[in-house]
Amino acid sequence: MLKHLFATHPIEAAPHVDAGEHIDTSAHGNGELRRVLTAKHLILLGVGAVIGAGIFVITGQAAALHAGPALVISFLIAGFACALAGLCYAEFAAMLPVSGSAYSYSYATLGEYVAWFVGWNLVLEYLFAAATVAAGWSGYFNELLGMIGHMTNSNLALPAALASAPFQFVDGHIQATGTLINLPAVCIIAALSGLCYVGITQSAFVNSIIVAIKVTVILLFLAFAVQVINPANWHPFIPASEGPGTYGWGGIFRAATIVFFSYVGFDAVSTAAGEAKNPQRDMPIGILGSLALCTVLYIAVALVLTGIAPFRMLNTPEPVATALSLYPQLSWLKALVILGAITGLSSVILVMLMGLPRIFFSMAKDGLLPPTMAKVHPKFRTPYVGTVIVGVAAAAMAGLFPVSVLGELVSMGTLLAFATVCIGVLILRYTRPELKRSFRVPFVWPICIIGALACVYLFWQAFEEHWRLMCGWIVIGQVIYFGYGYAHSKLRKSLA
């Protein structure tokens, strides 16, 4: 049994492929997805997923509750860990251009059981990320309705019962809030799931338009808000500690775990490897290019945001709009930021909803999930069954649960996946040195080891508080694997 649990998937160096060619998109073939994405598409997918909740939602909450103005340091810490993991992802994605992301990489290096564990954490990452960002999107959408209502002397805002989550987590326990459902969050996921259903090309095109809008809005925010910065808001830069994880250096590392959620987009790029025209060249460009661009924007926005408003007032669903409300002369910019946030958060949800069905696609190809999850639509060439299932699940979670806890669980699942990828690169260098690598991690020993340790350390910061939820998620995954996946594994059957 142990031999089967840790059996690795046989791999070969990935062939170079032509645009539109239907070739293998899972670790063992029989794929039917279409290769249409260029390096530009991949960078925009990464920016589309990364730039969103991190700037428009998570930034303010992490500053207000944990790091204060030192949130900049938190972004540097999280960005450093992501850069190391990003290098490892780039090597894998160029060598194995498959749609399973870290799941497929783990299958090739650490064995089936580890691959399932990583894949299950990727489900946590993408599903909860879509729900988290949709909940943040709802806050900005309600703000927009209120602004339009004020301009037209009408009441367009949704009633509170339909605009916020009916449940919240307090000290690890679920409590009712008295509301019914977060209706805008449900609606945006339903709409974007429909877009993912009809095709990757259409989704990538819409994402490109959204990215252009939100990057323009962010640059305008930086250009005009920097003129009203009050340096007094940066003092003290590192607020005195008020308890574990609250300000001080403990708060900085706690915030680093939270804002790590902001970087999950470059991981989503790797899920589109099975649809890239020239994955050997384009995947490293897409992963590392989007990561570098987004890190610069995050640091700049964190500095400006904490400079124009006292950090303690930023714990709102729309912190950027909250900060700008202090300056009547920038009311036009506030309206623009709300519009940019709505479009920007939409692209994050879109990329998350695109990524998870493709992970299900690879897992079903391996027999670890029911074969229906590997079905590809005969016309749209998309994994449509998985898309529908992901859309329904994400909409239910976004409509019922709050942003904060969902976001931290996303970070935890992501960090475990990143640590595994770092270890996998190191192992494959020595078990399969003959494989052609069009991109190689430089200084592989220190980068892989430090990257894995950094991710595990940040994971532990959140695990100490949310260990019940994380352990519950892991137990559910074990039940599914040993109840279905182990018995239906194609690799196990071939070994037998």
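Just above sits the structure.
For clarity, every value in this text was computed on a predicted model and none was experimentally measured. (Residues numbered from 1 in each chain as written. Predicted model: local features only at pLDDT ≥ 70, side-chain atom pairs only at ≥ 80, totals over all residues. Heavy atoms only, no water.)

Trainee: Requested: an account of the overall build of the protein chain, with residues and values cited.
Mentor: A count of helices and strands for the protein chain gives 17 helices and 2 strands. In the protein chain, the proportion of contacts linking residues at least 24 apart, taken out of those at least 6 apart, comes to 80%. Of the accessible surface of the protein chain, which amounts to about 17,800 Å², a share of 70% is contributed by carbon and sulfur atoms. (Helix = DSSP H or I, 4+ residues; strand = E, 2+ residues; numbered from the N terminus. Contact = heavy atoms within 4.5 Å. Areas by Shrake-Rupley, 256 points an atom, 1.4 Å probe, with all protein chains shown as cover.)

Trainee: How would you sum up the packing of aromatic side chains? Please name residues and give values.
Mentor: Counting across every chain of the model gives 23 aromatic pairs. Counting every residue linked through ring pairs, the aromatic cluster contains Y113, W116, W120, F128, W473, Y481, F482 and Y486. Between R492 and the ring centre of Y486, over which it is positioned, the NZ or CZ distance is 4.6 Å. (Phe/Tyr/Trp six-rings, centres within 6.5 Å; stacked < 30°, edge-to-face > 60°. Lys NZ or Arg CZ within 6 Å of the ring centre and 35° of its normal.)

Trainee: Hey, could you go over the nonpolar core for me, with residue numbers and the actual values?
Mentor: Counting 173 residues, the largest nonpolar core has F56, Y140, F221, I308 and M352 as the members making the most contacts within it. Not counting chain neighbours up to four residues away, the residues in contact with F221 comprise V226, V301, V304, I308, V320, L324, L333 and V337. (Core = buried A, V, L, I, M, F, W, Y, C linked by side-chain atoms within 4.5 Å. Buried < 20%, exposed > 50% of the residue type's maximum accessible area, 1.4 Å probe, protein only.)

Trainee: Tell me about the pattern of salt bridges, and name the residues and values.
Mentor: For side chains bearing opposite charge, pairing can occur when the charged atoms are close. For the coordinates displayed, the defined rule picks out 6 salt bridges. Between R312 and E242 there is a salt bridge, with its nearest N and O atoms 3.0 Å apart. Here R312 is found in the loop between α11 (279-308) and α12 (319-324), whereas its partner E242 is found in the loop between α8 (200-225) and α9 (248-259), with 70 residues between them in sequence. Exposure class is identical for R312 and E242. Each is exposed. Linking R432 and E434 is a salt bridge whose minimum nitrogen-to-oxygen distance equals 2.4 Å. One continuous salt-bridge network, built from bridges that share partners, spans E91, R429 and R437. (Salt bridge = Lys/Arg side-chain N within 4 Å of Asp/Glu carboxyl O.)

Trainee: Describe in detail the state of the cysteines, supporting the description with residues and values.
Mentor: Taken as a whole and assessed by the stated rule, the structure comprises 0 disulfides. Note on C448: no disulfide assigned, nearest cysteine sulfur contributed by C88 at a separation of 3.8 Å. Exposure remark for C448: the relative accessible area of 1% places this residue in the buried category. (Disulfide = S-S within 2.5 Å.)

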